[in-house]
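Coordinate analysis (summary)
One-letter residues, chain by chain:
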Number of protein chains: 2
Amino acid sequence: MPPWITDLPPLAYHNLGAYLAGAAQWVELALPHYLPDREPRAYLYALARDYPARGGKRFRPALLLLCAALAGGDPRRAVPSAAALELFQNFALVHDDIEDDSLLRRGQPTLHRQHGIPLALNAGDLLFALVHEALLDNDALLGAEPALRVRRQFAEVFRQTFEGQAMDIGWIHDDHLPDREAFQAMIRRKTGWYSGRGPCQLGALIAGADDALVAALGDYGEALGIGFQLRDDLLNLTADSADSAPGVLSGGYGKERGGDIAEGKRTLIVIEALERLRGPERERFAAILVRPPAQTAPADIAWAIERAEATGALAAVRARCAELGAQARAVLAAVPASPQRALLEELADYLVLERAA
Amino acid sequence: MPPWITDLPPLAYHNLGAYLAGAAQWVELALPHYLPDREPRAYLYALARDYPARGGKRFRPALLLLCAALAGGDPRRAVPSAAALELFQNFALVHDDIEDDSLLRRGQPTLHRQHGIPLALNAGDLLFALVHEALLDNDALLGAEPALRVRRQFAEVFRQTFEGQAMDIGWIHDDHLPDREAFQAMIRRKTGWYSGRGPCQLGALIAGADDALVAALGDYGEALGIGFQLRDDLLNLTADSADSAPGVLSGGYGKERGGDIAEGKRTLIVIEALERLRGPERERFAAILVRPPAQTAPADIAWAIERAEATGALAAVRARCAELGAQARAVLAAVPASPQRALLEELADYLVLERAA
């Protein structure tokens, strides 16, 4: 094990906040080993290091490390994979921002708005390439067979993510509003796999868990990941960035209230609202979504949010959020009790107990 | 070994054309195994399969397979790596076309011109992700240790490519014309590694070659790759796409004569010309390069080509091309004679004997 991994401070499992802070610190100490500050700096490495330096909760690697510890593994052996996941996350944010032409990321101009699309796109490609370098350390740390299982899982996470992303941006491209089934297929890939199932199963695989535990933690992760996405979606419509904690998965990039409506983001809220609206109201709601953001008036957004509330669409999503939390918690009943399981339960309860907004 | 690899027709080494055709066929038979036709089709897989279906010489995988055979390996064991290299190549073309906002690729509209930047960018990301899937087959085919060495080499190829690409597009972004040293650093990464050293060293590593042979074939590949790039650059200025064979590395995307000048591409021709021009002529030449392509008149391009010829810049690049060919051939003197070595020599002689233009 490289000395810098051996020297990482121990993780604390007695308290969720302390654990998440410790895991985030590990990720921040690991990243420079795979994302060095080197030449060509001005055109590449400074750009690639920008988003990781803007902070973030490092939620996905934290989940990976926690599941590795829960399954009886040494989380230190999961550090290269946690770093790989964070590199992938930052790569995805850079390309996502180009695809959505977003203006801000964590309160600062997006990378392509600062440096133009060509350099930002290429810096994103480097971040994805460096995933390969991080995973190279797994062979020595885990042994050849487990390292191969982990790589297989990463390949699956990547494929599912781009499949989900293709649906999401394809619908925007075609002004298409998906039905519930298509939406589920998208969110299971883009959010379920990428933000939940992938990280949890990777942690379990690194610890050498049996298939049943890998699958259970995967089911837990999928429910949790989708649940937190729904919670972020609810927060976007019901809280101003100024007066709310940033979303867990969005990382709090400080969107204005209802920004998702202006951007026409396909969320479960939209699916639920469209199913409840009829005639001209449905048409107006759909038109607001497909209209370019710059042409969407604040009054349109306020009206859409009011309709989502009044028709019970928001309540349905709140209920779904709680249901996913309960589902995630129920999966854990089959997992032996441990401090790590208690933290996973606490995360799931967050979705059940909290009334978002 | 998977049956579909065992069943590939044998490669012929008696003749360069026959060998290249056979290797290209292998790549085309291998690609569908790693790039299937599946859902989501309209938003993702059809896009990702578009460029590979437009053809191409599959020059880099052919080089990889040839070096594997030369080093005494079974080229069939190199098929997943050859496919990975071709996936990477097509990923790079998709993102390159976005970065340069190119209009045409092999005579058809570029992917982002057909589907918009978001979907094209994401389809490129999938192609790069599928490299992971192709490389998964190496563990079973090569054994854990050689598979790890191959992955390490791929990671190096990726990093070098994005570093070189960052310089190239950064200079365009900043209207900067590099000096000779900076240009060498760029082309060694972007072309030397990606199109030559990488493929050749990968083939040698797959065959289990010793360090000396890996390095020799790498040196050969770097000289060959850069040489063919110079040849493509010369062809762009001296031949119309209508009346010339397509470039080996450019894959013949049918640019107009002098398109590189209009695009302001930083080539060795530009470096040589700028070193030879003085005063207002140098200023005019530089201005033509940094001007947006749409504002570059045919007369400007004709003037720039005439100056490059008259000052001896083109002759210097032709000489450098021949020198690289001779250098590549000289490296092979240390390699035992074989039908494969003869084909590599023939490729190198192409640069020495042919008077491009």
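Residues numbered from 1 in each chain as written. Chains lettered and ligands numbered in written order. Predicted model: local features only at pLDDT ≥ 70, side-chain atom pairs only at ≥ 80, totals over all residues. Heavy atoms only, no water.

Re the relation of the copies chain A and chain B
This is how the line gets drawn: A least-squares fit on C-alpha atoms brings the copies together, and the residues used are those whose pLDDT is at least 70 in both copies. We call two residues in contact when some of their heavy atoms are within 4.5 Å.
After a rotation of 180° and a shift along the axis of 0.0 Å, chain A superposes on chain B with an RMSD of 0.0 Å. Such values leave the two copies arranged in the relation of a two-fold axis. Of every C-alpha in chain A, the one belonging to A144 of chain A sits nearest the axis of rotation, 3.0 Å from it. In this assembly, 100% of the residues forming the interface of chain A have copies in chain B that are likewise at the interface, indicating an isologous arrangement.

Section: the pattern of salt bridges
Short version of the rule: Salt bridges are identified by distance alone: a Lys or Arg side-chain nitrogen within 4 Å of an Asp or Glu carboxyl oxygen. The secondary structure listing takes helices from DSSP runs of H or I that are at least 4 residues long and strands from runs of E that are at least 2 residues long, numbered from the N terminus. Under the scheme applied here, a residue whose accessible area is under 20% of the maximum for its type counts as buried, over 50% as exposed, and between as partly exposed, the area being computed with a 1.4 Å probe on protein chains only.
On inspection of all chains with the given rule, the structure shows 65 salt bridges over all chains. The shortest N-O distance in the salt bridge between R189 of chain A and E163 of chain A comes to 2.9 Å. Residue R189 of chain A is found in helix α10 (residues 180–206), and its partner E163 of chain A is found in helix α9 (residues 144–173); the two are separated by 26 residues along the sequence. Among the residues examined, R189 of chain A registers a relative accessible area of 19% and is labelled buried. The closest approach of N and O atoms between E281 of chain A and R307 of chain A, which form a salt bridge, is 3.3 Å. Of the two residues, E281 of chain A sits in helix α14 (residues 279–290) while R307 of chain A sits in helix α15 (residues 298–310), which places them 26 residues apart along the sequence. In this structure R307 of chain A comes out as buried when scored by relative accessible area, which is 18%. Through salt bridges with shared partners, a single ionic network connects R38 and E133 of chain A together with E156, R159, E163 and R189 of chain B.

A word on the packing of aromatic side chains
Heads up, the condition is: Any Phe, Tyr or Trp ring, taking Trp's six-membered ring, that has another such ring centre within 6.5 Å forms a pair; planes under 30 degrees apart are called stacked, those over 60 apart edge-to-face, and the others tilted. Note on criteria: charge over ring means Lys NZ or Arg CZ within 6 Å of the ring centre, with the direction from the centre no more than 35 degrees off the ring normal.
The tally for this structure, following the rule as stated, stands at 31 aromatic pairs over all chains. Both rings, one in F91 of chain A and one in F162 of chain A, keep their centres 6.0 Å apart while their planes meet at 75°; by these two values the pair is edge-to-face. Of this pair, F91 of chain A sits in helix α6 (residues 79–100) while F162 of chain A sits in helix α9; the two residues are 71 residues apart in sequence, bridging distant segments of the chain. Relative accessible area serves as the criterion here: at 3%, F162 of chain A is assigned to the buried category. Between the NZ or CZ atom of R60 of chain A and the centre of the ring of Y194 of chain A, over which it lies, the distance is 4.7 Å. Positioned above the aromatic ring of W303 of chain B, the side-chain terminus of R284 of chain B is 4.1 Å from the ring centre.

With respect to the interface of chain A and chain B
Counted only if it meets this: Buried area: the sum, over both parts, of the accessible surface (1.4 Å probe) that disappears when the two are put together.
Across the boundary between the two partners, chain A contributes 43 residues, which contact 43 residues of chain B. Taken together, the two surfaces of chain A and chain B that pack against each other cover about 4000 Å², and 68% of this comes from carbon and sulfur. The largest contributions to the chain A side of the interface with chain B come from Y43, H132 and L136 of chain A, which together make up 17% of the buried area. On the surface where chain A and chain B come into contact, there are six salt bridges.

Observations regarding the packing of helix α5 (residues 59–70) of chain B against helix α17 (residues 339–353) of chain B
Residues and elements named next belong to chain B. Put simply, the rule is: Axis definition: a line fit to C-alpha positions, over the contact stretch in the case of helices; interaxial angles, taken between N-to-C directions, run 0 to 180 degrees. Put simply, a crossing is left-handed when the front helix is turned counterclockwise from the back one by less than a right angle, and right-handed when it is turned clockwise. Asp, Glu, Lys and Arg are counted as charged, while Ala, Val, Leu, Ile, Met, Phe, Trp, Tyr, Cys and Pro are counted as nonpolar; the rest, among them Gly, fall into the polar class.
For the pair α5 and α17, interaxial distance at closest approach is 9 Å and the crossing angle is 140°. Where α5 crosses over α17, the handedness of that crossing is left-handed. Counted together, F59, L63, L66, C67, A69 and L70 of α5 and Q340, R341, L343, L344 and L347 of α17 form the full contact between these two elements. When its residues are assigned to classes, the contact of α5 with α17 shows nine nonpolar, one polar and one charged.

Some details on unusual backbone geometry
All names here are of chain A. Geometrically, the link from E39 to P40 is a cis peptide bond, its omega value of -5° lying close to zero. Mapping P40 onto the fold places it in the loop between α2 (16–34) and α3 (41–48). For R106, which is not glycine, the phi torsion reads 50° and is therefore positive. Tracing the sequence through the fold places R106 in the loop between β1 (104–105) and β2 (108–109).

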